[in-house]
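Notes for the structure review
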Amino acid sequence: MGIALATPIFVQNRIIAILILGNKLSGESFSKDDVQLIEVLSPQIGSAIQKANLYEQVREFGESLKLKVQEATEELKERNVSLVTLQNITKDITRTLDFKKVVQDIADAVTTELGFVGAILAFIDDDGRTLRAQAITNTPITNKALKMLPMPFTEFTTDLSNPKHRNLVTEAIKSGQIQFGDSLAGVISPLIPGPVVSLIGKIIKVRTAIIVPIVAEQKVIGAIEVGSQRKQEDISEQEIETIKSMADQLGIVARNIKLFSQLRKANRDLEEANRHLQVLDQAKSEFVSIASHQLRTPMTGIMGYLSMLVDGDFGRIEPKHLEIMKTLLDESQRMIRLINLFLNVSKIEAGKFIITRKDAHLEDLIEREVKELGKVADDKKLKLTYAKGKKPLPTLCIDVDKIQDVLLNLVDNAIKYTAKGAVMITAEPKDGGAMVHVKDSGIGIKKEAIGELFNKFVRAQGIAQIHPDGSGLGLFIAKSIVEGHGGRIWVESEGEGKGSTFSFWLPAGATPGTMSLKGSQ
Amino acid sequence: MKRPVTTKRATPREVKPPRPPKGSARTILLVEDEPILVSLYASVLRKLTEASILTATEEQEALTVINRVVPRLIILDLMIPTTSGMATDFHEPIGFDVLRQVKRNPKTKAIHVIILSNLDADEHRQRAQELGAEEYIVKALLKPRELVERISKYLGTT
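Worth saying up front: this structure is predicted, and the values here are computed from it rather than measured. (Residues numbered from 1 in each chain as written. Chains lettered and ligands numbered in written order. Predicted model: local features only at pLDDT ≥ 70, side-chain atom pairs only at ≥ 80, totals over all residues. Heavy atoms only, no water.)

With that settled, consider the sheet that holds strand β7 (residues 208–216) of chain A. Each strand in a sheet pairs with its neighbour through backbone hydrogen bonds, running either in the same direction (parallel) or in the opposite one (antiparallel). Residues and elements named next belong to chain A. Read from one edge to the other, the open sheet built from six strands follows the order β5-β4-β3-β8-β7-β6, with strand pairing classed as antiparallel. Of all strands in the sheet, those with a lone pairing partner are β5 (157–159) and β6 (179–181), marking the two edges. Taken over all neighbouring pairs, the strand axes of this sheet differ in orientation by 25° on average, direction set aside. Taken together, the three bridges between β6 and β7 define a ladder with antiparallel strand orientation. (Pairing = 2+ DSSP bridges. Helix = DSSP H or I, 4+ residues; strand = E, 2+ residues; numbered from the N terminus. Axes fitted to C-alpha atoms, helices over the stretch in contact; angles between N-to-C directions.)

Chain A puts 27 residues into the contact, and the matching count from chain B is 27 residues. At the boundary of chain A with chain B, total buried surface from both sides reaches about 2,100 Å², with 60% on carbon and sulfur atoms. Of all residues in chain A, the largest losses of buried area upon contact with chain B belong to A:His293, A:Arg296 and A:Tyr305, amounting jointly to 24% of the total for that side. At the junction of chain A with chain B, the criterion picks out three salt bridges. When the shortest N-O distance is used, the salt bridge between B:Asp120 and A:Arg296 registers 3.4 Å. Here chain A and chain B share nine residue pairs in polar contact (both at pLDDT 80 or more) between them. Only α7 (237–310), α8 (319–349) and β9 (353–360) of chain A provide two or more residues apiece to the side of chain A that touches chain B. Top contributing element to the side of chain A that touches chain B by residue count: α7(A), with 14 residues. Its residues assigned to classes, the side of chain A that touches chain B shows 11 nonpolar, nine polar and seven charged. (Contact = heavy atoms within 4.5 Å. Buried area = accessible area lost by both parts, 1.4 Å probe. Salt bridge = Lys/Arg side-chain N within 4 Å of Asp/Glu carboxyl O. Polar contact = N/O pair within 3.5 Å; in protein donor to acceptor, adjacent residues only side chain to side chain. Nonpolar A, V, L, I, M, F, W, Y, C, P; charged D, E, K, R; others polar.)

Before going further, it helps to examine the nonpolar core. Residues and elements named next belong to chain A. Core analysis: the biggest nonpolar cluster contains 46 residues, and Leu362, Ile366, Leu384, Ile425 and Phe504 have the highest contact counts within it. With eight residues, the top contributor of residues to this core is helix α10 (residues 400–416). Dropping the residues within four chain positions of it, leucine 384 is found in contact with Val370, Leu373, Gly374, Ala377, Val411, Ile415, Val423 and Ile425. Counting 29 residues, the second largest nonpolar core, distinct from the first, contains Val102, Ala107, Ala119 and Ile257. (Core = buried A, V, L, I, M, F, W, Y, C linked by side-chain atoms within 4.5 Å. Buried < 20%, exposed > 50% of the residue type's maximum accessible area, 1.4 Å probe, protein only.)

Evaluation of the coordinates by the stated rule reveals 25 salt bridges over all chains. B:Arg145 is paired through a salt bridge with A:Asp313; the nearest N and O atoms lie 2.3 Å apart. Here the residue B:Arg145 occupies a position in helix α5 (residues 144–151), and A:Asp313 occupies one in the loop between α7 and α8, the pair thus bridging two chains. Taken together, the shared-partner salt bridges connect A:Asp311, A:Asp313 and B:Arg145 into one network.

Residue and element names in this part refer to chain A. Two numbers describe how helix α9 (residues 362–379) lies on α10: the axes approach to 10 Å, and their chain directions differ by 40°. α9 and α10 meet at a crossing whose hand is right-handed. Seen from α9, the contacting residues are Leu362, Leu365, Ile366, Arg368, Glu369, Leu373, Val376 and Ala377; seen from α10, they are Val400, Ile403, Gln404, Leu407, Leu408, Val411, Asp412 and Ile415. (Left-handed = near helix turned anticlockwise from the far one by under 90°.)

So, about the side chain of A:His293. Note on placement: A:His293 falls in helix α7. A residue is classified by how much of its surface remains accessible, and A:His293, at 7% relative accessible area, is buried. Contact partners of A:His293, with chain neighbours within four places excluded, come to B:Met79, B:Phe90, B:Ser117, B:Asn118 and B:Leu119.

All names here are of chain A. Considering all chains together, one arrives at two aromatic pairs over all chains under this definition. Considering the side-chain rings of tyrosine 305 and phenylalanine 314, the 6.1 Å spacing of their centres and the 35° angle between planes classify their relative orientation as tilted. Judged by relative accessible area, tyrosine 305 falls into the partly exposed class, the value being 22%. The exposure class of phenylalanine 314 is partly exposed, given its relative accessible area of 43%. Residues phenylalanine 454 and phenylalanine 502 carry aromatic rings whose centres are separated by 6.3 Å and whose planes lie at 70° to one another, so their mutual orientation is edge-to-face. Note that phenylalanine 454 is positioned in the loop between α11 (447–450) and β14 (458–460) and phenylalanine 502 in strand β17 (residues 500–507), a separation of 48 residues in sequence. Each member of the pair, phenylalanine 454 together with phenylalanine 502, is buried. (Phe/Tyr/Trp six-rings, centres within 6.5 Å; stacked < 30°, edge-to-face > 60°.)

Remember, this is a structural readout, not a statement about activity or role.
Here it is in structure tokens:
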């Protein structure tokens, strides 16, 4: 077949093919129309060829893309495994602060989650130079290997300062860099004798050892030593990264556990100190109680005899001497009162101040007090009165002796601090209870001192000072008693020289019974 | 803790020969170990009551007098020594042993017992009440005269 016609095919002005036609089957020669048809056809052939080429390229691109997606999926899967592993470990860590357990779980995770033969986790002792294995993955193979050791693995220690102990592990710890080896020997020699190492090597066919230092607070504290049966080049970056992350997590755990154990120790120390203080406090109140009793006994004798002498039970006494004896009697009674105050404060503090409530009429208590202290007021030429209110007071359920003490304290103070004028007691029903005022025309109280009046001690320049006459203690006790009854006690004064009014309010409606009174400051 | 109620010591001593009891045989036993308080209370009781006053300074002596004489009233200190002179425990004063034995013995349980002590912890008051004491008086809080006023109601003729 001879060539009858040839025409180039262009694609973007480039000849990419030549269309060659033989003779027509009819035997006719190509007409002008034929040539024209081919001229029209040839660019279309060009564009068809171009399109076919493009399709091939697209197909190839699609193929390669699929491959890439596949690879990426694999990588993602792997990443996912390591993330899950890390997540499991983290969960483990947050759940327990038991160092041994965490370390063992991580050693086991190296096999169960990451598929390595096993791992050893070693940490530096507190001495800073002894490296000790704390955990080894627990699998049948590792257990078999462990049985070959002449003693427990934790007893094999590496002296980091001894050059003869140098191996990949000491290298990782010194440099802080990850280390690789091609056998177990680099990890457990020279710690474990050569023959044992080769025996173990036969059971655990380690081809790659990866040693990652564990860092906590910028200090290397140990290492994870992972063994693989694969060659180093077959272990992916991803796997190495996972082991590194584990080491990081371990660093955090180790630090947390250390902090936790420090905290626990501090707590125990505090508890111990607290117990000791309680014992001391108990001993203190006991001492105050016993001392008060022992002090009272001779004072009882002195006060008793003086009172009999003053009362003339032993015959007439010269007026000059009688005055002295009266003073002595007052002083001895004052001393007994002070002892009682100390005793009561110590009882309140020891929680042994007990309130025993029963129904009582406050008026009776006030009247008794007026009768009792009337003589003392008379001696000072003071008028002591009880102005009974128009409305009757409700019946109160109170510890009669203790509320009587409160009244005694307030009225006694009022008389003591009033040179001339009067002390007046008033009482009225108020807010479902009873309110009592003890008003005097005495020296009054400085505004700034009012807040401190009911404190046990007055604080001045950081030193605890006691009121010279113990009146602070008395008010402290009165406050404890009133508040122990669920009431309130307070003082009002216009200022120095303007007298003062001490008031307290007690609620009605309590039920009879006994309760212990806790100290208030 | 049991102690035999037997006589081991001689008859209780008296501070003074007792005056012949006026009216009924009113006897008060004062159990107190502090010499100054023995003489103080004995003298005020003699002066202000018509009872005859016996004293004892320790546990066994007190129990002996109680069983022999069966006084109308016992004024009982809590911190008294045992016969062997053993110091008494602050939490378990010997006085309670005396009180317990008096109230347990049918022969003596009707005797009024007034606790007169310088202890005044609530535990002690409560204990005294449980064991059957009639009154609890804190020594330092009363003048001797007031003490006599407080106990006079137990000295009636019934």
